[in-house]
Every structure is written in structure tokens, then in C-alpha cells.
Amino acid sequence: MKTAVEKLNPTLAKIEVEVPFSEFKTYLDRTYKSLAQQIQVPGFRKGKTPKQLIEQRAGFDFIVENALNEGLNEFYSQALAENDLTPLAQPELDIISKPEEGNREADVKLSIEVTVRPEIELPDYSGIKVEVAAAEVTDEDKQTALDNLRSRFGTLKTVDRPAANEDFVTIDLTASIDGEEVDGANDLSYQVGAGTMLEGLDEALTGLSAGEDATFETKLAGGEHSGEAATVKVKVTAVKERELPEADDDFAQLASEFDTIDELKEDLAKQAADAKVAEQGAEARDKVLDALVEMVEIPVPEKVIEEQISQHFDNPQADADHDTEEHRAEVRENTERAFKNEMILDAIAEKEEIGVEQAELIDYIITMSSQYGMDPNQFAQMLDGSGQAGMLVGEVRRSKALASALEKAEVKDSEGKAVDLSKYLNPAGEEESAE
């Protein structure tokens, strides 16, 4: 088999493939053998039907077509491998010539146009300068951390006043469409301001006391009328506020492994400081990636972008109201940016010969499964069953490539102080260095 490649543009290649008849004959013989098992002719045992009779029954063109279908994937894969091309979308195939009546031993000639990964020339990306917010832990941060912990051990107390933000309410809901009640529920518990139920509910609840009600217009979020406009009546039957326990030694012993409130506060301050470093790391990571994209010219294949935009808006669960020119422009911009991010991080991973260990993949699966509320094993099986296991490896590899670029960057905070992100890049670093 011979191949020749012509780059039509940085992301589109045209591959000319020529398969000599002597090679293609292997696929023809397999097709004859397969059809011989299927075609029964009196006087011949199963699988022993002569080629001439098979052709009379099936037709020579049909046989060639089946042989081509069997061989095309192999021809295509071999052409990609020989020319070191990575496809990004389904190819477009044109059959130039093939065996046919009158020229039964013609060579197979194919023309394949395929969107391919662009070649990227990486600049020196060491020493990228980025600035992040200062990581000062304020007294307010410390108090917020303590109050958040206290709230986990708080109790709800019924109050005789209008509902306010963060109060807990017990409510009855009824939804009507064109005056007809279509759904309802009683004795629901909800925290005002959570924004987890119906759009407009928080505004309707604010200011209502027990026994009062309000109506508002919204779109239903579940059931057979999901997505439809409806009038919802909400009635408050109880208003409660959370009472926090006293921040004392007894609370420290209840809520932690510490004996005193001072020890607990010290630990919460350390956790707040670690969280600030993580915020700095995330900000630095995003800014380093922005800088990388600015440094490199990355051609974006229109076909790949159009396919992803179509998948976004052709999703049956997509909101038709959001299919606007402005939203499409936003999705296009995000898709193009994601493509550039992937290309440059893949190039860094290849240059630095970054691999993915099984333990890293397991850690990533555990993290992702927890975000979806799934068992890690079930999540892994779902990915494997949908053919996305390879995609997961790519995500971990790109994450490591970005971490490598961040490690080489020069990071300072808004006050000009150098920022040490070693703990963010390697949370286990302290333990490793202590051994």
C-alpha cells in the first residue's frame, strides 16, 4: 500500500491511498469465503459454493463493496500511522478506483480528507510571570470558618417573624398552568436563598410569615411539565432560624479532636490559610494557561468546532430558548478556547514525556465520581462502557502538563511577594520531605 499526504491547511490533510490489487485480493477472498457460508446452492456443501455461483447470486459489485468495507478501516489506520497524523473528526472518503466488471484486477485508489491535529511549535515557557491575589487570612476569614463549623452543629428554632435570607421554612407548593393545577407538594423544608428549587421562590418567600402565601411565575423544573411556564403558589407554615452553639471548650471537644477552643481556632486558621494558597494556585494556573495560549498561534479546525456546537444545541435536554445568536457565539468562543487549551497542554505533555500512572488515574476517578455522587467503581465502568477511558487519561495528562508549566512560572502576589505553590502542586510534599 502506498500513501501520499497533502496538507490543505494546518488542520486539514488530504491522503491519497493506493492499494495494489494483489493486497486487496486478500479482502476479496475473505468476502467470498463469508458469502459461501451464507449462500446455499443445491449440490454443494455449505462453504464450498464456487465463486462463479456466488457472483451470480450476489453480484461482483456487491462483493467488492463488502471487501472494501472490511478493508477501509485498516487502510485508513495504516495511512494515519505511516504519515504520523492524529485525526480530530470523521474523515471524508472518495473512492477513485476499484475492481469492477471489465477491470476485475484494478487497484484500489482512495482520496481521504481528514481534520488533523495542528503542529505546534512551543516557545520557551519557563519563567512566565503572573500575579495573584494576596493570601492574607483576615479575622473575618477565621470567624467565617468557625461559624461554618458551628452551623453544622446548630439547631433550628421556630421564630415568629417574616422569613429572611438563610432562614429555614416549611412550605406548601401548588403549580398551575392556564388555571389548572398540575403539581403540588406539602411540608417541604427549604432554606431561603439556597436557589435549589424554583426560580423566583427565594424572592417570593422573603418577608412571608407563617400562615402567609405568595404567587409567582416560573418554569417548572421537574415532572411531566418540566420546562413549562407555570403560576406557583407558595404558603409558609413555619419559619425557623439556626441557633449556633457557643464557641467554647465544650464545643471544641464536640466538633473536633481538640480539647480547647483556642486549639480549634488555630487549626481553623491553618485550614483557612491552606484554602487561600489553593485559591492562589487556581488563579495562577488559569493565568499561566492564558499566557501559554497567547504565546502560541494555534489553528482551530472549523469542522471540530461546528460538530461540538451542534452537539451542544442538538441535545434533547437543551433549552430551546437559549439557542440564540449571542449564546451560540459564547459557546463557539468557549469551544475554541478549550480546543487551544488541549492542543498546547498536549504539546507540553509530549515535549516533557509526561505519562499517567495508574494511581493518578484512580485518584482522578475518585475525585470525579464524588462530584457526580457516584460510586468510583460504577463511575469507572460507565466511562469504560462509553469509550471515554482514553479521554480520562488525556485529562490527567493535561493536568500534569499544566502543573509542570506552573511549576516553572514566576508567581507573585499583588503586594510583590513571591508565592510558594509547592504545597498546591504537591500536597504530599511536606510528608515526603520529612521522611
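Just so we're clear, the structure is a prediction, and the values are computed from it rather than from any experiment.

Q: How should I be thinking about the pairing of strand β8 (residues 180–191) in this particular structure?
A: Regular strands show a simple pattern: their side chains alternate between the two faces of the sheet. Note that strand β7 (residues 168–177) and β8 share nine bridges and pair antiparallel. What sits directly across from Ile-171, in β8, is Leu-188. Counting the residues that bridge the hairpin from β7 to β8 gives two residues, and of these Asp-178 lies at a positive phi of roughly 55 degrees.

Q: Can you help me understand the pattern of salt bridges in this one?
A: Taken as a whole and judged by the stated rule, the model has 30 salt bridges. Close ionic contact of Glu-306 with Arg-332 constitutes a salt bridge, the shortest N to O distance being 2.4 Å. One end of the pair, Glu-306, is in helix α8 (residues 302–314); the other, Arg-332, is in helix α9 (residues 325–351), and 26 residues separate them in sequence. Of the residues examined, Arg-332 reaches a relative accessible area of 24% and is grouped as partly exposed. Two residues, Lys-408 and Glu-352, come together in a salt bridge whose shortest N-O distance is 3.3 Å. Of this pair, Lys-408 sits in the loop between α12 (389–407) and β11 (410–413) while Glu-352 sits in the loop between α9 and α10 (358–371), and the two are 56 residues apart along the sequence. Classification of Lys-408 as partly exposed rests on a relative accessible area of 35%. Taken together, the shared-partner salt bridges connect Arg-117, Glu-342, Asp-346, Glu-395 and Arg-398 into one network.

Q: Please explain the environment of Leu-88 as it appears in this structure.
A: Among the secondary structure elements, Leu-88 is positioned in the loop between α3 (60–82) and β3 (92–97). Overall, Leu-88 belongs to the partly exposed group, its relative accessible area being 23%. Along the backbone, Leu-88 and Gly-154 are 66 residues apart, and their C-alpha atoms lie at a distance of 54 Å. Other than its neighbours up to four places away in sequence, Leu-88 contacts Thr-115, Val-116, Arg-117, Pro-118, Pro-301, Val-304 and Phe-339.

Q: Just to check I follow, could you spell out the packing of helix α1 (residues 21–38) against α3 for this structure?
A: When two helices pack together, their arrangement is given by the angle between their axes and by how far apart the axes lie. The N-to-C vectors of α1 and α3 enclose an angle of 120 degrees; their axes lie 8 Å apart at closest approach. As far as their axial angle goes, α3 and α1 are oblique. Considering how the two elements wind past one another, α1 and α3 form a crossing that is right-handed. Between α1, through Phe-24, Tyr-27, Leu-28, Arg-30, Thr-31, Tyr-32 and Leu-35, and α3, the contact on the second element is made entirely by Phe-60, Phe-62, Ile-63, Val-64, Asn-66, Ala-67, Leu-68, Glu-70, Gly-71, Glu-74 and Phe-75. Class assignment for the residues of the contact of α1 with α3 results in 12 nonpolar, three polar and three charged.

Q: I keep staring at the side chain of Asp-172 and nothing clicks. Help me out?
A: Inspection of the secondary structure puts Asp-172 in strand β7. Within the buried core, Asp-172 has no salt-bridge partner, and the shortest N-O distance to an opposite charge, that of Lys-235, equals 5.7 Å. Looking at Asp-172, its side chain comes within polar contact range of the main-chain nitrogen of Asp-187, at 2.9 Å. Residues in contact with Asp-172, not counting those within four places in the same chain, are Ala-185, Asn-186, Asp-187, Lys-233, Val-234, Lys-235 and Thr-237.

Q: What should I look at first to understand the environment of Ser-189 in this one?
A: Turning to its location among the elements, Ser-189 is positioned in strand β8. Residues Ser-189 and Pro-87 lie 102 residues apart in sequence; the distance between their C-alpha atoms is 52 Å.

Q: Before we go on, may I ask you to explain the packing of aromatic side chains in this structure?
A: The description of two aromatic rings rests on the distance between their centres and on the angle between their planes. Throughout the structure, instances matching the rule amount to four aromatic pairs. Here the aromatic rings of Tyr-27 and Phe-75 are separated by 5.3 Å at their centres, their planes lie at 80 degrees, and the arrangement is edge-to-face. Of this pair, Tyr-27 sits in helix α1 while Phe-75 is found in helix α3, placing the two residues 48 residues apart along the sequence. Judged by relative accessible area, Tyr-27 falls into the buried class, the value being 9%. Classification of Phe-75 by relative accessible area gives buried; the value is 4%. Both rings, one in Tyr-372 and one in Phe-379, keep their centres 5.7 Å apart while their planes meet at 25 degrees; by these two values the pair is stacked. On the basis of relative accessibility, which here comes to 57%, the residue Tyr-372 falls in the exposed class. Among the residues examined, Phe-379 registers a relative accessible area of 4% and is labelled buried. Looking at Arg-104, its charged tip hangs above the ring of Phe-60, at a distance of 4.1 Å from the centre.

Conventions used here
Residues numbered from 1 in each chain as written. Predicted model: local features only at pLDDT ≥ 70, side-chain atom pairs only at ≥ 80, totals over all residues. Heavy atoms only, no water. Pairing = 2+ DSSP bridges. Helix = DSSP H or I, 4+ residues; strand = E, 2+ residues; numbered from the N terminus. Salt bridge = Lys/Arg side-chain N within 4 Å of Asp/Glu carboxyl O. Buried < 20%, exposed > 50% of the residue type's maximum accessible area, 1.4 Å probe, protein only. Contact = heavy atoms within 4.5 Å. Axes fitted to C-alpha atoms, helices over the stretch in contact; angles between N-to-C directions. Parallel < 35°, antiparallel > 145°, perpendicular 65-115°, else oblique. Left-handed = near helix turned anticlockwise from the far one by under 90°. Nonpolar A, V, L, I, M, F, W, Y, C, P; charged D, E, K, R; others polar. Lys, Arg positive; Asp, Glu negative; His and termini not counted. Polar contact = N/O pair within 3.5 Å; in protein donor to acceptor, adjacent residues only side chain to side chain. Phe/Tyr/Trp six-rings, centres within 6.5 Å; stacked < 30°, edge-to-face > 60°. Lys NZ or Arg CZ within 6 Å of the ring centre and 35° of its normal.

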